[in-house]
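Survey of secondary and tertiary structure
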Amino acid sequence: MAWSYGYFTDLNYTHGYYPEMNPAMLRLACLCNAVEPQLPDAPSYLELGFGQGVTINMLAAASSGTYWGTDFNPAQTVEARKLADASRADIHLYDDSFEEFANRRDLPDFDVIALHGIWSWISEKNRKIITDIIRRKLRPGGVAYISYNCLPGWAPVVPIRQLMSLYQDYGGGKMSRPIEMIEGAVQFAEEIAKAGSYYFRDNPFARHHLEQMGKQGRNYLGHEYMNADWHLEHFSDMARSLDEAKLTYVGSARLLDGIDAFQLNEEGTRFVSQIGHPIMRETVRDFLVNRRFRTDIFIKGARPLPGREHRDAWYALAFVLVVPEIDVPKKIMCARGEVVLPADKYDLIIEALADDGYRPKRVEELLKDDKLQKLKAQDIVDLLTVLTGAGFAAPAQSPSEKVSEQCRALNQHILQRALVSMDLHHMVSPVTGGGIGLNHMTQLFVRATSEGKDGAEALANYVWDFLDSTGERLVRDGNKIEAKDENLKEIRILARKFVKFGRPLLQALQIIDASEGGG
C-alpha cells in the first residue's frame, strides 16, 4: 500500500478555518446543552488530520494551550509549519500516519481531541486507531469533536460518488492530471444525466447536486469524492462506535443545529419533543432535516450542570461581535428555510454589544444594560446563542501578552502572504481565541493601516496601487472593471465602510492595534 493509504493527495486540501473547533466554542456548546465544560484555559489539544493547518495554527496562536497535530500528507505539514514558525506558538506538527502517531511515546493526555471530516474518508482500520487514541489519550472530562458526512442526507447522491471513483480507476482519469481528471469525472456524470438516466430523472436532488458540483472548487471535489475510502454512517452508528472509548454524546458544535425552532417546523418540533432517548431523538432530527454533515461533541465523563451552576457559568461568559453592527442581517438561513430575527430583541442586543467601541461584555453586565431591561435573562442567553451560532458573535477572553504577541506575529505573516496569495481568508484574534473571516480586500486595508495609512482616500489609493502593480482589477456583475477611475470608485466605497465600521471592530478584536488608523 502506498503511503497515502488510498487518500487523495494529488491536490492539496482547501485552506479552511472551522470556528466550531475553537475551545471557547466547545465550552459554549457544552453549556448550551447544560453539560459542564471541563476544559482548562490552557488546554492540551490534538487535531488528527489538520489539512493545511489553518485551524490548528490559529487556535494555537490565540491560546495559552499546547497544540499537537498530525497529517500524513508531508506537503500539507510543510505548509502548516510555515504558519507555526510565524506565530511561534506552542504547537507540534507531524506528518505521521495515525498508526505511527498512536505509537509515539511523547504524547501528553489531551483535553481536546478533534478531527474535521476525515472520519468519512479513511479506512475502517484507521477509524479503529483513532478510537483507540481517544480511549487512551483523552483525559477524563475531555472533549472529542468529530465532524463527518452522515446519512440520510448523502443517501441520494452515493451513486454519483461511485461514478466519479470508477471514472478515476477505469475511465479517462488514469491518463489525466488531477484537475483534468476531476473535470472529466464531473463531465462524465453530466453526460450520463443528459443521456436519459432514469436515476437522475427519478432523483431530482441528485440532479441538483450534480449541478452544484460544477460550481465547487476542484481541490474540494478531489478530497470529497476521489478517496479510496468514503464512509457514511448514521449518528447512531457513530455513537455506538465511540462507546468503547467511554464517550457520551453532548450535542452539536454548530449551535443552531441544536435549536429545533431554527431547524424544524412546528409539527417536527412536537414530534421530536416526545422522544426520550437521545440517540433516537438525534436520529429523528437527522431524518427531519435530511442532514448530510454532523459536528458532534462527545465528553469522556459528561457531568450535567445543575440549574444554579448552569446559570452562573453563563453569567461569567463574555461575548463580542465579530462582524460590524451594520453587517448583521435581519434574516438567517437554517434547515427550515429563512428565519427572521425579531428586531425588537436582536437589534437591542446587537446595539449593546456594539457600544463602547465593540468592547467585549460579560453576560452579567448585559443583564444590567439599560437597553436590555425589558428582556428576560433567558432571552439574553438565547439571543447570544443564536448570534454566536450564526457567526455574528463569539465568546471573548482576556488574552495574555504572550497570546497577543503570537497573534500579532501570525497576522503579520498573513498580511505579507496577502500580497502574493488569496488562499487565507481569516486573521487571528486574541480576544476570541481563533480566526475572524476577512476577505482579501479587507486584509489589504488592514495592511495599509499597519503601514500608517489613514483615511478612506489613503486606503483606497494603497489598494489600487497594489492591484495595478499585480495587473489585478475588481470584478462587477461578473465582468472585470478595467478603468482606473471605476476601480478607485468601487474601492473608495469599500474603504469608507471599512474606516467607519470595520476598523473599530478589528481594533476591539485586537487584529488592528488601537493606536493605528486614527483609533
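Heads up: the structure comes first, above all this text.
What you see is a predicted model, and the numbers here were worked out from it, not measured in a lab. Per-chain numbering applies: the sequence of each chain, read as written, is numbered from 1 onward. Local features in this predicted model are restricted to residues of pLDDT 70 or higher, and side-chain atom pairs are both shown and tallied only at a pLDDT of 80 or more, whereas totals for entire chains, interfaces and linings draw on every residue. Each side-chain value is worked out from all heavy atoms of the structure, with water and hydrogens disregarded.

Concerning the overall build of the protein chain
Each helix is a run of DSSP H or I of at least 4 residues and each strand a run of E of at least 2, with the numbering of both proceeding from the N terminus. The secondary structure content of the protein chain amounts to 22 helices and 16 strands. The C-alpha atoms of the protein chain give a radius of gyration of 24 Å, which matches the 24 Å a tight globule of 519 residues would have. If you line up the protein chain on its principal axes, its C-alpha atoms span 60 × 60 × 50 Å. Whether a residue is buried, partly exposed or exposed follows from its accessible area with a 1.4 Å probe, protein chains only, as a fraction of its type maximum: under 20%, in between, or over 50%, in that order. Counting every position in the protein chain, which comprises 519 residues, the buried fraction comes to 53%. Across the protein chain, every contact between residues at least 6 apart in sequence was considered, and the portion connecting residues at least 24 apart equals 74%. We get accessible surface area from the Shrake-Rupley algorithm with a probe of 1.4 Å; when it comes to residues, only the shown protein chains can shield them. By element, 50% of the accessible surface of the protein chain is carried by carbon and sulfur atoms, the whole surface being about 23,300 Å². The average position of the 60 basic charges and that of the 70 acidic charges among the side chains of the protein chain differ by 1 Å. This radius of gyration counts C-alpha atoms alone. The globule rule is 2.2 Å times how many residues there are, raised to the power 0.38. For this analysis, residues touch if any pair of their heavy atoms sits within 4.5 Å. In this tally, Lys and Arg are treated as positive and Asp and Glu as negative; His is ignored, and so are the chain termini. All charge positions are set by atom: Lys at NZ, Arg at CZ, Asp at CG, Glu at CD.

Description of the pattern of salt bridges
Pairing between side chains becomes possible if they bear opposite charge and their charged atoms approach one another. Every case where a carboxyl oxygen of Asp or Glu lies within 4 Å of a side-chain nitrogen of Lys or Arg is listed as a salt bridge. In this structure the tally under the stated criterion is 40 salt bridges. A salt bridge links Glu20 to Arg254; its shortest N-O distance comes to 3.6 Å. Placement of the pair is Glu20 in the segment before α1 (23–32) and Arg254 in the loop between β6 (248–252) and α12 (260–263), with a sequence separation of 234 residues. According to the relative accessible area criterion, Glu20 is buried, its value standing at 9%. What makes Arg254 partly exposed here is its relative accessible area of 36%.

Here's the deal with the sheet that holds β6
Should DSSP find at least two bridges between two strands, the strands are regarded as paired. As summarised here, the arrangement of the 7 strands in space is β3-β2-β1-β4-β5-β7-β6, forming an open sheet in which the pairing is mixed. Looking at which strands have only one partner, the edges of the open sheet turn out to be β3 (91–94) and β6. Each strand axis lies, on average, 15 degrees off the axis of its neighbour in the sheet, ignoring direction. Direction of pairing for strand β1 (residues 44–48) relative to strand β4 (residues 110–116): parallel, over a ladder of 3 bridges. Of the residues in β4, the one forming a bridge with Leu46 is Ile113. With respect to the sheet, α1 is in contact with β1, β2 (66–70), β4, β5 (138–149), β6 and β7 (293–299), its orientation differing from that of β7 by roughly 80 degrees. Orientation is described by axes fitted as lines to C-alpha atoms, over the contacting stretch for helices, and by angles from 0 to 180 degrees between their N-to-C directions.

Observations regarding helix α9 (residues 204–213)
All of the buried residues along α9 are Ala206, His209, Leu210 and Met213. The buried side chains of α9 occupy one side of the element, clustering within an arc of 100 degrees when seen end-on. The arc in question is the one spanned by the directions pointing from the helix axis to the C-beta atoms.

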